[in-house]
Amino acid sequence: MKVMVAVKRVSDSNVKVRVRSDGLGVDVSNIKMSMNPFDEIAVEEAVRLKEAGVATEVIAVSAGVLQSQETLRTALAIGADRAILIESNEDPQPLAVAKLLKALVNKEQPSLVILGKQAIDDDSNQTGQMLAALANLPQATFASKVVVTDGKATVSREVDGGTETLSLTLPAVVTTDLRLNEPRYVTLPNIMKAKKKPLEIVKPEDLGVDVTPRLKTLKVVEPPKRGAGVKVHDVKTLVEKLKTEAKVL
Ligand code: AMP
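This section reports on the structure supplied with the text.

Cut-off values and rules
- Residues numbered from 1 in each chain as written.
- Predicted model: local features only at pLDDT ≥ 70, side-chain atom pairs only at ≥ 80, totals over all residues.
- Heavy atoms only, no water.
- Pairing = 2+ DSSP bridges.
- Helix = DSSP H or I, 4+ residues; strand = E, 2+ residues; numbered from the N terminus.
- Axes fitted to C-alpha atoms, helices over the stretch in contact; angles between N-to-C directions.
- Near = heavy atom within 4 Å.
- Polar contact = N/O pair within 3.5 Å; in protein donor to acceptor, adjacent residues only side chain to side chain.
- Areas by Shrake-Rupley, 256 points an atom, 1.4 Å probe, with all protein chains shown as cover.
- 1 Å grid on protein atoms, 1.4 Å probe; cavity = no way out; pocket = protein on both sides within 12 Å on 5 of 7 lines; lining within 4 Å.
- Sits in = over half its atoms within 2 Å of the grid points.
- Nonpolar A, V, L, I, M, F, W, Y, C, P; charged D, E, K, R; others polar.
- Points joined across faces, edges and corners; volume = space filled by probe spheres on them.
- Salt bridge = Lys/Arg side-chain N within 4 Å of Asp/Glu carboxyl O.

Here we come to the sheet that holds strand 11 (residues 199-202). Taken together, the 9 strands give an open sheet; going across it, the order is 9-8-7-10-6-1-4-5-11, and neighbouring strands pair in mixed fashion. Each having just a single partner strand, strand 9 (162-169) and strand 11 make up the two edges of the open sheet. Taken over all neighbouring pairs, the strand axes of this sheet differ in orientation by 30° on average, direction set aside. Strand direction decides the pairing type here: strand 7 (residues 139-149) and strand 8 (residues 152-159), joined by 6 bridges, are antiparallel. Considered in strand 8, the bridge of Thr-149 is made with Lys-152.

In the vicinity of the ligand lie 19 residues, with Asp-39, Ala-63, Ala-119, Asn-125 and Thr-127 positioned nearest. The backbone of Gln-126 places a nitrogen or oxygen atom 2.8 Å from an oxygen atom of the ligand. Coverage of the ligand by the protein chains reaches 99% of its 480 Å² of free accessible surface. A majority-of-atoms criterion places the ligand in the largest cavity. Of all the secondary-structure elements, those providing two or more residues to the shell around the ligand are strand 4 (57-64), helix 3 (94-108) and strand 6 (112-116). By residue number, the principal contributor to the shell around the ligand is strand 4, which donates 3 residues. Class assignment for the residues of the shell around the ligand results in 8 nonpolar, 8 polar and 3 charged.

Within the structure shown, the criterion is met by 1 cavity of 30 Å³ or more. Roughly 280 Å³ of volume is contained in the largest cavity. Lining the largest cavity are 24 residues, and of these Lys-8, Asp-39, Val-97, Ala-119 and Thr-127 sit closest to its centre. Elements supplying a minimum of two residues to the lining of the largest cavity: strand 4, helix 3, strand 6 and helix 4 (127-135). Taken together, the residues of the lining of the largest cavity sort by class into 10 nonpolar, 10 polar and 4 charged.

Within the structure shown, the criterion is met by 17 salt bridges. For the salt bridge of Glu-164 with Arg-157, the shortest nitrogen-to-oxygen distance reads 2.6 Å. One continuous salt-bridge network, built from bridges that share partners, spans Lys-2, Glu-57, Arg-82 and Glu-108.

Below, the discussion takes up the layout of surface pockets. Of the volumes computed, that of the largest pocket is approximately 1200 Å³. Estimates place the volume of the second largest pocket at around 440 Å³. Those elements giving two or more residues to the lining of the second largest pocket turn out to be strand 2 (9-11), strand 3 (33-35), helix 1 (37-51) and helix 2 (68-78). Broken down by element, the lining of the second largest pocket gets its largest block of residues, 4 residues, from helix 2. When its residues are assigned to classes, the lining of the second largest pocket shows 8 nonpolar, 4 polar and 7 charged.

Structure below.
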């Protein structure tokens, strides 16, 4: 059974990004870029399926600039077998990524496609759902547990106030939530081994997909700065301020 995993190169979650001077995005030049954290969880899950003898091959896929090869090498170091970069000059939007992944799903015929529930840069939370719809595959989003047996995936999902368990007939699409697993640290020997694993580069045109953006960003603004706090001397003043100034009571 083949498992395909989608990995996106995003600004590292520990970096504080700044809005660009044109106000149309954030400045990602000269900052640390990493694999989207939910995609690390996706790769880890796929590799665990392989280690458990359930999956036979794990293919990592990324769409984006040439430097996304580094993200794919990380996926290979975690344990993916091979990687495919769909090279494009800018980050394709979720619908374009879903179409690109669908083209690869048609070609590679994986039994399971695992994506992150959302990319921490655009926070779209759309790609997995759109891929499932375009490829006409069953989907389970926000997975906190995945068990694969006899051509089926049993997936526990995080929902408000609890978990929901779904049974999907493979092939299927799963998106990962934070509690699915704890990704391993990549070791130096595995980073070295990853350099020798196959990494194929294709273009969106090779897959017959038009990645022209459909959405236009009008404005990006920083969150408002937090004002300084005040010390109050007694509970009475605190309650008064909460009523009259903060207006939360
Ligand atoms: P989003 O819908 O943008 O929040 O992204 C959800 C998930 O789709 C991510 O966690 C990735 O697994 C996948 N994804 C989004 N964009 C890309 C991309 N450019 N390349 C590979 N995977 C992507």
